[in-house]
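Chains, contacts and geometry: an overview
Now for the letters of each chain:
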Amino acid sequence: MLNLNSDIQFIKGVGEKRAKLFNSLGVFDVDSLLHFYPRKYEDKTDIKTIAQVQNSQVVCIRVAMITPVKENYIRKGMTLYKCRFSDGRDVLEVTIFNNKYLAESLKLYNEYILYGKIEKNFSVSSMSAPQIEPADFKAGIYPVYPAKNKLNSRAISKVVSTALDGIGEIPDILSGEIRRKYSLVPLDTAIRNIHFPPSSDDIAPARNRLIFDELLILQLGFLKLKSGKKKETAPIIKDDFTADFKKLLPFDMTKAQSRVTEQCIADMQKNVPMNRLIQGDVGSGKTAVAATLIHTAVKNGYQAAFMAPTEILAAQHFETLEKMLASAGIRIQLLTGSVPAKQKREIKSRLLNGEIDLLIGTHAIIQNDVEFKKLALVITDEQHRFGVRQRAALALKGISPHTVVMSATPIPRTLGLILYGDLDISIIDELPPGRQEIRTDVVNSSYNSRLYKFILDAVDRGEQCYIVCPAVEENELDVKSAKQYAEELADGAFRGRNLALLHGKMKPAEKERVMKAFADGDVQILVSTTVVEVGVDVASATIMVVEDAESFGLSQLHQLRGRVGRGDRKSYCVLVSDSKSESARKRLMTMKKYSDGFKIADEDLKLRGPGDFFGQRQHGLPELKIADMANDMDTLRITQQCAREILEVDPDLTSPQNSALALRMNKMFENASYS
């Protein structure tokens, strides 16, 4: 008898070798198998005649084979097998690709069930690569799973069926009261019907139940993280020195900056740790807010830490914050992986002795041997580049310090509910006065010669240019590769100019070297992948060219656009796309229309959905297997309320009826991607 914890290899028909294929899909035991959901279904219940079918319709038809199979060798690795079938009235021409076994198994005049897309061209009807089943085939709705080459959907379906047959009733994780309140089917029913629905009407109730479970567990996890923070005792920042610090700044803070600063200071004056996300568009002045908070923490007798994702970005923050804070007598130190060992030891000693007020660095500052004397404030920049555990490791350096995470990635508030469910959110929704708008144009590759001249003219004026490609190397997606394009441009349009290549597959030290050369002005044109999306401020970089721009999400394009316009010169963003897709063009024109990152983020979510919102899954976010952040927002709100109600009565989820929920919650957050 199987149970939910049984290893996948012990299901009949799996074994050790096939178990590894399942493992590569994230399936390790019966439980994870049952939560490996179909991506779609094939409805093979309604069998039609050829005459009843519309052109390009996917259908099931019952036909008899009326001609022998003819073999056509096309080229190496491609053989076509053609034959004809009839339903007694009309004839269907069928083509089978590279499947000799299937072609030879077909018997003349035998009846078969064919499932596939039918194409009608005048009097001729045809099917290419249909599924062909014997006439006694069992009609039903069949699941289609995300598959791999050596593990197809049909094989996965068979193993799921075997597991469901070998397991008893799946215990419910929700109380009968919650199920009745929200009109949810039992978990056992939902699991069985999501895999093998008796009818198409049974799919929606199963999905609704499983989406509810997933979002409820997610919200419970985030609320627990939040409440855990609130139980801790944090250093109390008694006095607010914001007014003093503002006098030191060479500019006036915007209303948005002042509002966010006030929210953070109010949090820091409580005895529970602040856990706040500061979201602000590129150039909105998040660093000035961070400096204000650091100043107040230090003036209250505490230390602060600031973590950035790369050495060059950490160095830039060091320079910026030193200019802002040095006149206030704040002692600042930079600690990165490349600092010599002797100097590192000195820094660590001074830090522990309280001789350093603010430590700025990369992940080097969360190493075990880095100890603070009196840490009260932790700030991380570009939070989505760090995992939840990395953030937590830095927070453990003090006795429950106040935590601020900053991000220039504009995220719609609805999506923020999920992505940053454990954080309070502050938004800097105003740009400082005088911040110039970046001109954005959408062109196709026929403009290349004019574009190259435009870039050369800018370079001759002492300006710099980014050219971003979607891929590192040539691939099957038929998009520009950074490597190939850099070679073409270096030997062609930009021969004799200082051009460099930057991509994510390079070693960290090499990436840092190239970015520093660009920041120092030694490189005039930088051909790159999106590794520059979060990068240093280069005041003389005035042109951002994005090749195959339709390959990127709008929020990602907005981040890339934010790499230019950092100085006082007019700046440009050119989106190059040869896509004929109307939806792709509409998306790119959104970039031309809006400069506000939050408006763009909202449009991006509407147009592309959350699956593609970031281009890659957020680090530290538990994977959602069935819920959709755009379409299931109503359920998210309901489950958030349900989670609050559960935790009000049972804050530690220790009651018998909630113990299964606690296990699910722990499993979801343990399996999250922390990098």
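The following refers to the structure shown. Predicted model, so just to flag it, every value in this text is computed and none were measured. (Residues numbered from 1 in each chain as written. Predicted model: local features only at pLDDT ≥ 70, side-chain atom pairs only at ≥ 80, totals over all residues. Heavy atoms only, no water.)

1. Description of a negative patch on the surface
A cluster of acidic residues, Asp239, Asp240, Asp244 and Glu262, forms a negative patch on the protein surface. Note on placement: aspartate 244 falls in helix H8 (residues 242-248). With a relative accessible area of 40%, aspartate 244 lands in the partly exposed category. (Patch = residues over 30% accessible without salt bridge, like charges linked within 9 Å, V, L, I, M, F, W, Y side chains within 5 Å. Areas by Shrake-Rupley, 256 points an atom, 1.4 Å probe, with all protein chains shown as cover. Salt bridge = Lys/Arg side-chain N within 4 Å of Asp/Glu carboxyl O. Lys, Arg positive; Asp, Glu negative; His and termini not counted. Charge placed at Lys NZ, Arg CZ, Asp CG, Glu CD. Helix = DSSP H or I, 4+ residues; strand = E, 2+ residues; numbered from the N terminus. Buried < 20%, exposed > 50% of the residue type's maximum accessible area, 1.4 Å probe, protein only.)

2. Examining the packing of aromatic side chains
For the structure shown, the criterion picks out seven aromatic pairs. For the ring pair phenylalanine 85 and tyrosine 112, a centre distance of 6.2 Å and an interplane angle of 85° mean the geometry is edge-to-face. Taken together, the residues span a long stretch of sequence, with phenylalanine 85 in strand E5 (residues 78-86) and tyrosine 112 in strand E7 (residues 111-121) at a distance of 27 residues. Neither residue differs from the other here; phenylalanine 85 and tyrosine 112 are each classed as buried. Against the face of tyrosine 142 rests lysine 44, its NZ or CZ located 5.2 Å from the ring centre. Lysine 374 extends its terminal NZ or CZ atom over the ring of tyrosine 302, reaching a point 4.8 Å from the ring centre. (Phe/Tyr/Trp six-rings, centres within 6.5 Å; stacked < 30°, edge-to-face > 60°. Lys NZ or Arg CZ within 6 Å of the ring centre and 35° of its normal.)

3. Side note on the side chain of serine 426
Mapping serine 426 onto the fold places it in strand E17 (residues 424-428). Relative accessible area serves as the criterion here: at 1%, serine 426 is assigned to the buried category. One polar contact links serine 426 to glutamine 263, side chain to side chain, over a distance of 2.5 Å. Those residues within four positions of serine 426 in sequence are excluded, and the remaining contacts are Val260, Gln263, Arg276, Leu277, Ile278 and Gln279. (Polar contact = N/O pair within 3.5 Å; in protein donor to acceptor, adjacent residues only side chain to side chain. Contact = heavy atoms within 4.5 Å.)

4. A few points about the side chain of serine 258
Mapping serine 258 onto the fold places it in helix H9 (residues 255-268). In this structure the side chain of serine 258 is engaged in a polar contact, spanning 3.0 Å, whose partner is the side chain of lysine 246. For serine 258, the residues in contact, after removing those within four places along its chain, are Lys246 and Met253.

5. Some words on the pattern of salt bridges
When charged atoms on two side chains of opposite charge get close, those side chains can pair. Going through the model one piece at a time under the given rule, you end up with 30 salt bridges. Note that arginine 461 is salt-bridged to glutamate 463, the shortest N-O span being 3.1 Å. Relative accessible area serves as the criterion here: at 8%, glutamate 463 is assigned to the buried category. Lysine 516 is the partner of aspartate 520 in a salt bridge, and the nearest nitrogen-oxygen pair spans 2.8 Å. For lysine 516, a relative accessible area of 48% corresponds to the partly exposed category. Several salt bridges share partner residues, and in doing so they unite Asp29, Asp31, Arg664 and Lys667 into one network.

6. Some details on the sheet that holds strand E22 (residues 541-546)
Strand order in the open sheet formed by six strands is E18-E23-E22-E19-E21-E20, and the pairing between neighbours is parallel. Strand pairing shows two members of the sheet lacking a second neighbour, strand E18 (439-443) and strand E20 (499-502), which therefore form its edges. Taking each pair of neighbouring strands and ignoring which way they run, the sheet shows an average axis angle of 15°. Relative to E22, strand E19 (residues 464-468) runs parallel, the two sharing five bridges. When the bridges of E22 are listed, valine 468 appears paired with valine 546. Across the sheet, helix H15 (residues 448-460) is in contact with E19, strand E21 (525-528), E22 and strand E23 (572-576); its angle to E22 comes to roughly 160°. Across the sheet, helix H19 (residues 582-593) is in contact with E18 and E23; its angle to E18 comes to roughly 160°. (Pairing = 2+ DSSP bridges. Axes fitted to C-alpha atoms, helices over the stretch in contact; angles between N-to-C directions.)

7. Some points on the sheet that holds strand E16 (residues 402-407)
Strand pairing within a sheet occurs via backbone hydrogen bonds; the two strands may be parallel or antiparallel. Taken in spatial order, the seven strands line up as E13-E14-E12-E15-E16-E11-E17 in an open sheet, and their pairing is parallel. On the outer flanks of this sheet lie strand E13 (332-335) and E17, each paired with one strand and no other. Pairwise comparison of adjacent strand axes, ignoring direction, gives a mean angle of 20° for this sheet. For E13 and strand E14 (residues 358-361), the ladder comprises four bridges, and the chain directions are parallel. Note that in E14 the partner of glutamine 333 across the bridge is leucine 359. Along the sheet face, H9 touches strand E11 (275-280), strand E15 (375-381), E16 and E17 and points at about 155° away from the line of E17.

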